[in-house]
Amino acid sequence: VSIRILLVEDHTMVRQTLRRFLESQQDFQLVGETGDGIEVLDLVEKHRPHVVVLDLMLPGLHGVEVIRRLKQRCPRTQTLVLSMHLDHEYVARALTSGALGYVVKQASIDHLLTGVREVAAGRRYLSPPLSMEDVDLLISRGQDGSLDPYDTLTKREKEVLQLVAEGHTNAAVAARLGIGERTVETHRAHIMSKLGLNNHADLVRFALECNLLPRRPPAPDGSSGAKGSDGSPPGSGRAERGRSPHRDDPGPRGTGPV
Amino acid sequence: MACPSADAGREDALDHDAILKRIHAVERGLAATPASQSDRSRRRSAAKVIPQAAPGVDLPALLAELQRIRSEVERGRQESEADGRALDDLRESAGRWRSVIENPHDFVVVIDREGRYLFVNHTATGIRMEDLIGTATIYDYAAAEFHAEIGRALAKVFEDGKPAAWESFSPQVDAWFSCVASPIQDAEQVVAATVLARDVSKRVRMELDLRDSEERFRQLAEHIEDVFYLLDVDSRRALYVSPTFSDLYGLPMSHIYMNPMSWLDAVHPEDREVQQERFRELFAACVGAAEAYRFGEPHEYRVLRPDGSLRWVRARNFPVQGPVGRIERIAGIVTDITGLREANQRLAEAEAKYRLLVEKLPVISYIGRLDEPRTTLYVSPQIESKLGYTQAEWTADPGLWIERIHPDDRDRVCDEKQRLRESGKPTRTLYRLIARDGTLISCRDEAVLVHDEAGRQWVEGVIVDVSEAQEARALSAHLVAVQESERRRIARELHDDLGQMLTGLNFVLQMVAETDGQARGSVAEARGLVGELMNRVRELSHELRPSMLDDFGLLPTLNSMFARYTKQTQVQVHFEHRGIDARLAPEVETTAYRVLQEALTNVARHAQVREVRVQLWSDGAMLHLQIHDAGPGFDVASTLGNGSGSGLLGMRERVSLLDGEMTLQSDAEGTRITVHLPLQRKLGATAPESAA
């Protein structure tokens, strides 16, 4: 049983060379070839190849998009990418879009042939120097960048934010921190633009969301401490962090008596 | 009315004391004399005394005392009944006492130990009897500052049994009273006191006024700095020159008395001739010979003092006429106006500078109100040359500004102004104004919010014509865009064309090796070279512009870039991001990428750190980028100033082309570059919502 192959490569010279290699293999059967991304889907539906050997840089439709559509339309056809790109980002994109293997063009032709056979057998294949671990790491990292807007502020900006949100005037903040009032103004402006805030109300809301301020005044009987310990207030979505620009400040800010 | 006891005031307390004695005597007399002549007055007295006396405990005691005195008098009368003269005396005294009691000017008051009113003969206008008797004290009707004095006086009366006098002011009556208090004694102690109070407001006020005017005169005399003088017309001599002359002119007083013209020596040479002529005219005018001189008109000149210092003075002369109307003397006053002139000069200079700034710079300044009613208080005259409207036209119609904004920009500008009102943050808005002749003018409007004492909001701002700058900017943006697209094209060609050819070559070589076993060694060598060439081409292409930026966008490109960076420099990149999963406008992605590229290069080159923190986040309106390293930092101003920061300048240029902002901080915490890029272009962009 020979492996039915569709060759997709826009560079004619490269395609011809590749064809000769592929045709020289006993177990391979080249069912078609094209240099155009849009044509690929029609050819696949027509020839039902086992494997599509695909260059990522194609006129008409980008290789990654071709893979995605192939996966939808003909899920049984496997894709082996053959690309100049060494970046793991490309590899990760190709694999998450539905490709099963990735061979870099500077690798030896043997790797391409192995790749075709592996992919045809339903196994993942990456040619050297690609590393499966690196690619997996990249894929698993996903899109969550874990940035906390609060952490984009400088130490001083955090101090100013805290005091301003607590309702102190610029003059009071300046006096407290031993800096000029104009400097406080500047810090405020930076805070506002970094956090995308428009006015003081936004700023206070942000401080509340970050648990910089107590959500409600501490209960006089001291029971607020117990309340705070069983989790963050509803709707906050974050654990109480006890964030304070003053490092030596003990305990969470939201609950203790201020 | 001739009042026999009118002089029984405080001036003669003893006299008043005598009157009081007579009161007792009269009581006796009245009781002892059933004569019809006294009947009416007795009834009247009783009608007055008894109902008006306080219902307190003191009254029965007082009446009992009076009764007791009466009986004693009765006994005494029996003892000396033959003495008719005594009776006459008593009758006379009764008349005097009555006149005291009934005197409408003086108040006769009986008070107890606490100062409570027990009896008053009459009250002042506006004060009812019942407000006093039994309810008020004498203190209540005296200003607080006199209470102590009254207390001392009453103590003297009640404790020592001696009369006492004081003067006090009553705010209720608005009058000054001279008061004399005398004891009314029981057998052992003083039970009450009579107080005779006389209104002395007129005298006291005259005294006070006199004191005030003396004080004013004294201050004037001691503090005046001007020079006064009095000249005699006939002798042309100085009759009086105030001592300040010597200070102002720097000449001894003897000079001016010996030679009244000597002051001219101190006049600045350039002014001397004129002043000499004026002085001559002054005397001529006194004898009617010169009409040119105007008395009272100030003339200013410079005084050059012997110590070399210069003063500006202002002199005025006034005629003093003698009994027959002839001008006999000249009174003059010289004021040092140096400070005034200097201040004026500075003010004029400042004003000129200000005016130059406001009215000559190619900038339209304005002051207006945003809250209703919208008004334009001021607009500088440049409005006319720029927009073709006069200052008056512009200020008369506050709606004109909105009207002349390009319709596409109008909503956005209104939004901005609204934001200014709400947040108070200075705004910088780019928009287009349509001049009267239809010319489109690109403007940069920078406005700040100010509050006046009344709490009203005012907007002060400048409108700068940035049409030229806009063109330069457009050119610059074009150049940047051209550069990017060139790079993109070359990178692509390198990667695709050259790369593909090398790929082909690579495969061909492999084919050769398979078919020709002998060439295998050389082919392997050639393949090695081809592989190296492919790497070079790939790197070159990537350096010019990573294809990934176009293919996948910012986030993957940055990830890849950081990996390369760490590999090349050993500097770890701690990357955090949020809200940038979607593709952004290509120019935003490119700018962010280029800024980051430059910043990381700087970190590797200068910061001497093993780690750099990169934060990239978006709030939907802006893309924010922050690069922070904990390195030793550098002097931002000098680096930017001396040209070594050309990379930084390039970053700033790129950022500003997108209307973004870049700040650079370098301090003990390290170096921090923060970039804010609007995700949508402002100029010409349609605002998402209308402010109206």
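Throughout, a residue's number is its position along its own chain's written sequence, starting from 1. The order in which chains are written sets their letters, starting at A; the order in which ligands are written sets their numbers, starting at 1. The model is predicted, so local features are restricted to residues of pLDDT at least 70 and side-chain atom pairs to those at 80 or more, both for listing and for counting; the totals for chains, interfaces and linings are taken over all residues. Only hydrogens and water are set aside when side-chain values are computed; all heavy atoms of the structure are taken into account.

Engineer: An account of the overall build of chain A is requested, with residue identities and associated values reported.
Structural biologist: Secondary structure follows DSSP: runs of H or I at least 4 residues long count as helices, runs of E at least 2 residues long count as strands, and numbering of each begins at the N terminus. On a plain count of helices and strands, chain A comes out with 11 helices and 6 strands. Out of the 258 residues belonging to chain A, those deemed buried represent 50%. The contact rule is simple, with two residues in contact once any of their heavy atoms fall within 4.5 Å. Within chain A, counting contacts between residues at least 6 apart in sequence, those at least 24 apart form 61% of the total. Here chain A displays about 12200 Å² of accessible surface, and carbon together with sulfur accounts for 49% of that area. Note on classification: 1.4 Å probe, protein chains only; a residue is buried when its accessible area is under 20% of the maximum for its type, exposed when over 50%, partly exposed between these limits. Note that accessible areas follow from Shrake-Rupley with a 1.4 Å probe, and for residues the cover is restricted to the protein chains shown.

Engineer: Explain the overall build of chain B to me, using residue names and the numbers behind them.
Structural biologist: Secondary structure assignment for chain B yields 22 helices and 20 strands. Within the span of chain B, comprising 692 residues, buried residues form 44% of the whole. Put simply, 53% of the contacts in chain B that link residues at least 6 apart link residues at least 24 apart. Carbon and sulfur atoms make up 53% of the accessible area of chain B, which totals about 37300 Å².

Engineer: Mind laying out the sheet that holds strand β5 (residues 101–104) of chain A, listing which residues take part and the relevant values?
Structural biologist: Residue and element names in this part refer to chain A. With parallel pairing, 6 strands are arranged side by side in an open sheet as β2-β1-β3-β4-β5-β6. Pairing within the sheet leaves two strands with one partner each, and these edge strands are β2 (28–34) and β6 (125–126). The pairing of strand β1 (residues 3–8) with β2 spans 6 bridges and is classified as parallel. Its bridge partner being in β2, isoleucine 5 is matched across the sheet by leucine 30. Where helices are involved, their axes are fitted lines through C-alpha atoms of the stretch in contact, as for all axes, and angles between N-to-C directions lie from 0 to 180°. Against the sheet, helix α5 (residues 109–120) makes contact with β1, β2, β3 (51–54), β4 (78–83), β5 and β6, and its axis sits at roughly 160 degrees relative to β4, the strand it touches most. One bridge is not enough; two strands pair if DSSP finds at least two bridges between them.

Engineer: I'd like a description of the interface of chain B and chain A, backed by residues and values.
Structural biologist: With 51 residues of chain B at the interface, the matching set in chain A holds 47 residues. Both faces combined, the contact of chain B with chain A buries some 4100 Å², and carbon together with sulfur accounts for 57% of it. Summed over both partners, the accessible area lost on bringing two parts together, with a 1.4 Å probe, is the buried area. By the criterion of area lost to chain A, the three top residues of chain B are Gln500(B), Phe507(B) and Phe552(B), representing 17% of everything that side buries. Just to be clear on terms, a salt bridge is a Lys or Arg side-chain nitrogen sitting within 4 Å of an Asp or Glu carboxyl oxygen. Linking chain B with chain A are 1 salt bridge. A salt bridge links Arg564(B) to Asp87(A); the shortest N-O distance between them is 3.6 Å. Polar contacts here mean pairs of N or O atoms no more than 3.5 Å apart (in protein, one a potential hydrogen donor and the other a potential acceptor; neighbouring residues in sequence count only if both atoms are side-chain atoms). Viewed at the interface, chain A and chain B are joined by 19 residue pairs in polar contact (both at pLDDT 80 or more). Classifying every residue of the side of chain B that touches chain A by side-chain character gives 13 nonpolar, 22 polar and 16 charged. Charged residues are taken to be Asp, Glu, Lys and Arg, nonpolar residues to be Ala, Val, Leu, Ile, Met, Phe, Trp, Tyr, Cys and Pro, and polar residues to be all remaining types, Gly included.

Engineer: Talk me through the packing of aromatic side chains; I want residue IDs and the actual numbers.
Structural biologist: The relative placement of two aromatic rings is captured by the distance of their centres and the angle of their planes. Residue and element names in this part refer to chain B. Two rings belonging to Phe, Tyr or Trp (six-membered ring only in the last case) form a pair when the distance between their centres is within 6.5 Å. Interplanar angles under 30 degrees mark stacking, angles over 60 mark edge-to-face geometry, and anything in between is tilted. Under the defined criterion, the tally for this structure stands at 11 aromatic pairs over all chains. Judged by centre distance (5.5 Å) and plane angle (80 degrees), the ring pair of phenylalanine 146 and tryptophan 176 falls under edge-to-face. Taken together, the positions of phenylalanine 146 in the loop between α5 (129–132) and α6 (147–160) and tryptophan 176 in strand β4 (residues 175–185) put the pair 30 residues apart, joining distant regions of the chain. Given a relative accessible area of 16%, tryptophan 176 falls into the buried group.

Engineer: How would you sum up the nonpolar core? Please name residues and give values.
Structural biologist: Counting 54 residues, the largest nonpolar core has Leu18(A), Val53(A), Leu80(A), Tyr102(A), Leu112(A) and Val116(A) as its most contacted members. Beyond its immediate chain neighbours, meaning those up to four positions away, Leu18(A) contacts Leu7(A), Glu9(A), Leu82(A), Ile109(A), Leu112(A) and Phe507(B). Among the nonpolar cores identified, the runner-up in size contains 38 residues, and Leu584(B), Val588(B), Val609(B) and Leu677(B) belong to it. The nonpolar core is taken to be a set of buried Ala, Val, Leu, Ile, Met, Phe, Trp, Tyr and Cys residues, with the residues joined through side-chain atoms within 4.5 Å.

Engineer: Can you tell me about the pairing of strand β11 (residues 363–369) of chain B, naming the residues and giving the values?
Structural biologist: All names here are of chain B. Burial analysis of β11 places 6 of its 7 residues in the buried class, the great majority of the element. With 6 bridges connecting them, β11 and strand β15 (residues 457–465) associate as antiparallel partners. The partner of tyrosine 366 across the bridge, within β15, is glycine 461.

Engineer: I'd love a proper account of helix α9 (residues 181–195) of chain A, names of residues and values included.
Structural biologist: For α9(A), which comprises 15 residues, the first-to-last C-alpha distance of 21 Å matches the rise-based estimate of 21 Å (1.5 Å per residue) to within 8%. For α9(A), every residue scored as buried is listed here: Val184(A), His187(A), Arg188(A), His190(A), Ile191(A), Met192(A), Lys194(A) and Leu195(A). Expected span of a helix: the number of residues minus one, times 1.5 Å.

Engineer: Can you tell me about the packing of helix α19 (residues 554–569) of chain B against helix α20 (residues 586–607) of chain B, naming the residues and giving the values?
Structural biologist: Residue and element names in this part refer to chain B. One way to put it is that α19 packs onto α20 with a least axis distance of 11 Å and a crossing angle of 15 degrees. Considered as vectors, α19 and α20 are oriented roughly parallel to each other. Regarding α19 and α20, the two cross each other, and that crossing is right-handed. Of the residues in α20, those in contact with Leu554, Thr557, Leu558, Met561, Phe562, Tyr565 and Thr569 of α19 are Glu589, Ala592, Tyr593, Leu596, Gln597, Leu600, Thr601, Val603 and Ala604. Grouping the constituent residues of the contact of α19 with α20 by class yields 11 nonpolar, 4 polar and 1 charged. Angle categories are assigned with fixed cut-offs, so that under 35 degrees is roughly parallel, over 145 is roughly antiparallel, 65 to 115 is roughly perpendicular, and the rest are oblique. Should the near helix be turned counterclockwise from the far one by less than a right angle, the crossing is left-handed, whereas a clockwise turn marks it as right-handed.

Engineer: Before we move on, could you go through the sheet that holds strand β16 (residues 572–578) of chain B and cite the residues and values that matter?
Structural biologist: An order of β16-β17-β18-β20-β19 (chain B) is seen for the 5 strands of this open sheet, with the pairing classed as mixed. Sheet topology places β16 and β19 (661–667) of chain B at the edges, where each strand pairs with a single neighbour. Taken over all neighbouring pairs, the strand axes of this sheet differ in orientation by 10 degrees on average, direction set aside. The pairing of β19(B) with strand β20 (residues 670–678) of chain B spans 7 bridges and is antiparallel. Looking across to β20(B), one finds that Asp667(B) is bridged to Gly670(B). Across the sheet, α9(A) touches β17 (611–618), β18 (622–629), β19 and β20 of chain B, and the angle it forms with β20(B) is around 55 degrees. Where α19(B) meets the sheet, its contacts fall on β16, β17 and β18 of chain B, and the angle it forms with β16(B) comes to roughly 170 degrees.

Engineer: Which residues make up the confidence of the model for chain A, and what are the values?
Structural biologist: On a range of 0 to 100, pLDDT expresses the predictor's confidence in each residue. Of the residues in chain A, 81% have a pLDDT of 70 or more, and the chain-wide mean is 78. In the predicted structure, residues 218–258 of chain A sits below a pLDDT of 50 and forms 53 contacts with residues beyond four places in sequence or in another chain.

Engineer: Explain the pattern of salt bridges to me, and be specific about the residues and the numbers.
Structural biologist: All names here are of chain B. Overall, the coordinates contain 45 salt bridges over all chains when judged by the stated rule. When the shortest N-O distance is used, the salt bridge between glutamate 114 and arginine 116 registers 3.6 Å. Assessed through its relative accessible area of 34%, arginine 116 is described here as partly exposed. Ionic contacts of the salt-bridge type, sharing partners, join the residues Glu484, Arg488, Arg545, Asp550, Arg594 and Arg654 into one network.

Engineer: Pulling in residues and values, what's your account of helix α7 (residues 155–165) of chain A?
Structural biologist: All names here are of chain A. With 9 of 11 residues buried, α7 lies mostly within the body of the structure. Among all positions of α7, only Glu157, Lys158, Glu159, Val160, Leu161, Gln162, Leu163, Val164 and Ala165 are buried. Of the surrounding elements, those touching the buried residues of α7 are α8 (170–177), α9 and α10 (200–209). Positioned one or two residues after α7, glycine 167 has a phi angle of 100 degrees, which is positive.

Engineer: Pulling in residues and values, what's your account of unusual backbone geometry?
Structural biologist: Most peptide bonds take the trans configuration, and most residues that are not glycine carry a negative phi. Residue Pro128(A) is joined to Pro129(A) through a cis peptide bond whose omega torsion reads 10 degrees. Its place among the elements puts Pro129(A) in the loop between β6 and α6 (132–141). Even without a glycine there, the phi angle at Asp174(B) is positive, about 55 degrees. As for its placement among the helices and strands, Asp174(B) is situated in the loop between β3 (164–170) and β4. With a relative accessible area of 46%, Asp174(B) lands in the partly exposed category. Even without glycine at this site, Gln570(B) takes up a positive phi of about 65 degrees. Counting through the fold element by element, Gln570(B) comes out in the loop between α19 and β16.

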